[in-house]
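Residue-level structure breakdown
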Amino acid sequence: MKFFLFSQLTTFICLITSVLVVERVSDAQSIEGLNPLSERRFFSQVKTHGNSQNDLIAFDSELSGSIESVRYQEVVTAIQNFLALLDDRQRASVVLPFEHPYRTRGFCYVLARCAEDNVGLRLSQLNAKQKIALNNVLMKSYSSAGYSRAIQTMNREGLLQEMEDAYRADPKKHPVIGSPLVSDWTPPPYRRSSDYYVAIFGEPVAATEPLSANPWGIRFEGHHLSLNLTFNGSGVRPQINAMPMFFGSSPTIVPQSPTPEAGEYSQWHNEEGQQLLHREAWLARSFLQSLDQRAIARGAWSVLPDVDLLGGTAVPLDAASYLDGEKPGIPVAELTPLQQRLLWDFVDEFWQIQANSEKIDEYALKQSIADSRVWWYGDRHDEHGELYFRIQSDRYLIELLQSNTFGLVSDDVEANHIHSSFRDLKNDWDRNFLGDHLRQHHVR
């Protein structure tokens with residue numbers, strides 16, 4: 001009898017479990033069918049706090065506000081610790097007025113165009129303790145991915161120095177640099193990985209809550225790198241804007257090195273085969289390979305852009321007009337869920353650079369990307385070929401250009417030079433570039 005009752009109970013439990021599993025599978029299938037960039041449930045993070053939706057919202061708001069204040073104060077303290085290590089002459093060089101024109105000038109795309117156009121303090125002007133304090137600022141201002149990418153970018157300058165030294169020793173054997181734009185291109189007379197500059201605009205102040213500090217900013221940049229942070233401590237919830245952002249790499253893929261002799265070309269030999277920004281180009285191509293011919297025809301660019309990128313900071317574009325003279329682009333809203341996910345994987349590489357969600361809200365970014373369009377030019381399949389890839393919404397602009405313009409000559413990689421940028425057209429350096437452009441050129 002006991003066995004019979006136990007058997008009946010077991011059967012009943014199995015039936016209930018089967019029903020629950022079917023319902024869970026049904027729910028999962030419905031979620032998988034959602035538009036990943038336009039449906040809230042795809043990317044909303046479930047929080048295990050409280051027993052009601054109101055509890056969750058209140059907890060999220062409370063946590064978000066406190067995190068923003070904590071991170072803001074931490075970065076301010078790190079900056080103040082860095083400034084405390086400077087002598088009077090160094091401090092006078094690095095702390096500039098908030099409205100200084102250099103704070104919002106364009107990127108340093110090519111070394112020859114920007115070697116003499118810098119303000120602030122150069123890394124080589126800092127001692128070891130000062131460098132540690134400055135790196136502490138950068139580490140706390142960006143994620144580990146963003147900070148590591150900045151370090152890799154600076155280290156590439158030392159690698160390029162070895163490559164150019166090899167060229168000088170034997171130009172025929174090591175044709176390091178070439179460009180279709182400049183037939184008689186020669187390497188610069190010198191290149192140093194310490195040629196990166198920091199400038200602080202305004203006075204970093206850690207005010208007590210409610211925060212009432214005046215806005216201030218940091219700019220850290222050099223060849224192939226521009227990091228810009230703008231801090232606004234007014235109001236209860238401080239704002240930290242990390243736009244615009246520019247990264248470049250040459251070489252993208254480190255080719256075969258000469259045989260090191262007596263320590264020569266040791267960095268080149270050790271970094272042989274390493275890749276920087278190649279992942280971003282691969283993810284762009286992965287998305288493009290998922291498109292059908294109709295979509296490709298709508299988004300194909302007519303020419304490969306110059307190194308300056310057509311969305312460079314000197315060209316604030318009207319996103320609504322979608323680039324005069326070019327095709328209308330591929331509307332992201334019309335893509336399949338899989339294609340949107342592939343596109344988000346590309347965007348995510350840029351979003352992950354940010355240290356905290358208060359800089360760029362992930363949900364707001366996904367909603368903006370869902371309303372964006374995509375353009376491209378180049379080879380969708382050859383990872384070593386030329387490629388231009390662009391995503392633009394009414395707020396965000398992401399560009400990537402892989403080319404051999406002023407790039408490393410390599411038998412293994414055709415296009416071994418990459419520029420990429422991430423911009424907030426409504427809030428770069430706390431300025432509404434897009435709004436200014438519309439008022440100047442589109443007001444009737």
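Residues numbered from 1 in each chain as written. Predicted model: local features only at pLDDT ≥ 70, side-chain atom pairs only at ≥ 80, totals over all residues. Heavy atoms only, no water.

Of note, glutamate 221 is situated in strand β6 (residues 216–222). According to the relative accessible area criterion, glutamate 221 is buried, its value standing at 1%. Within the structure, the side chain of glutamate 221 is placed 2.8 Å from the side chain of tyrosine 102, a separation counted as a polar contact. With sequence-adjacent residues up to four places away left out, glutamate 221 is seen in contact with Tyr102, Arg105, Cys108, Asn118, Tyr196, Tyr197 and Ser226. (Helix = DSSP H or I, 4+ residues; strand = E, 2+ residues; numbered from the N terminus. Buried < 20%, exposed > 50% of the residue type's maximum accessible area, 1.4 Å probe, protein only. Polar contact = N/O pair within 3.5 Å; in protein donor to acceptor, adjacent residues only side chain to side chain. Contact = heavy atoms within 4.5 Å.)

Let us now look at the environment of isoleucine 79. Within the fold, isoleucine 79 resides in helix α3 (residues 53–84). Since its relative accessible area comes to 2%, isoleucine 79 is described here as buried. Taking C-alpha positions, isoleucine 79 is 9.5 Å from leucine 138, a pair spaced 59 residues apart along the chain. Residues contacting isoleucine 79, with those up to four places away along its chain left out, are Val137, Ile200, Pro204, Trp216 and Ile218.

The omega torsion of the bond from methionine 243 to proline 244 falls at -5 degrees, within 30 degrees of zero and hence cis. With respect to the helices and strands, the residue proline 244 is situated in the loop between β9 (239–241) and β10 (245–249). Residues serine 250 and proline 251 are joined by a peptide bond in cis, for which omega reads 0 degrees. Here proline 251 lies in the loop between β10 and α8 (266–271). The residue histidine 224 is not glycine, and still its phi comes out positive at about 70 degrees. With respect to the helices, strands and loops of the structure, histidine 224 is situated in the loop between β6 and β7 (225–232). Within the chain, leucine 277 stands out as a residue other than glycine whose phi angle is a positive 70 degrees. Among the structural elements, leucine 277 can be located in the loop between α8 and α9 (278–288).

Regular strands have side chains that alternate between both faces of the sheet. Along strand β16 (residues 417–424), eight of the eight residues are buried, which leaves the element largely enclosed by surrounding structure. Side chains of β16 alternate between two faces, with His417, His419, Ser421 and Arg423 and Ile418, Ser420, Phe422 and Asp424 buried alike. Where β10 lies against β16, five bridges are found, and the strand directions are antiparallel. Counterpart to serine 249 in the pairing with β16 is isoleucine 418. Judged from the eight bridges that link them, strand β14 (residues 396–403) and β16 form a sheet pairing that is antiparallel. From the neighbouring strand, leucine 397 faces β16, where its bridge partner is arginine 423. (Pairing = 2+ DSSP bridges.)

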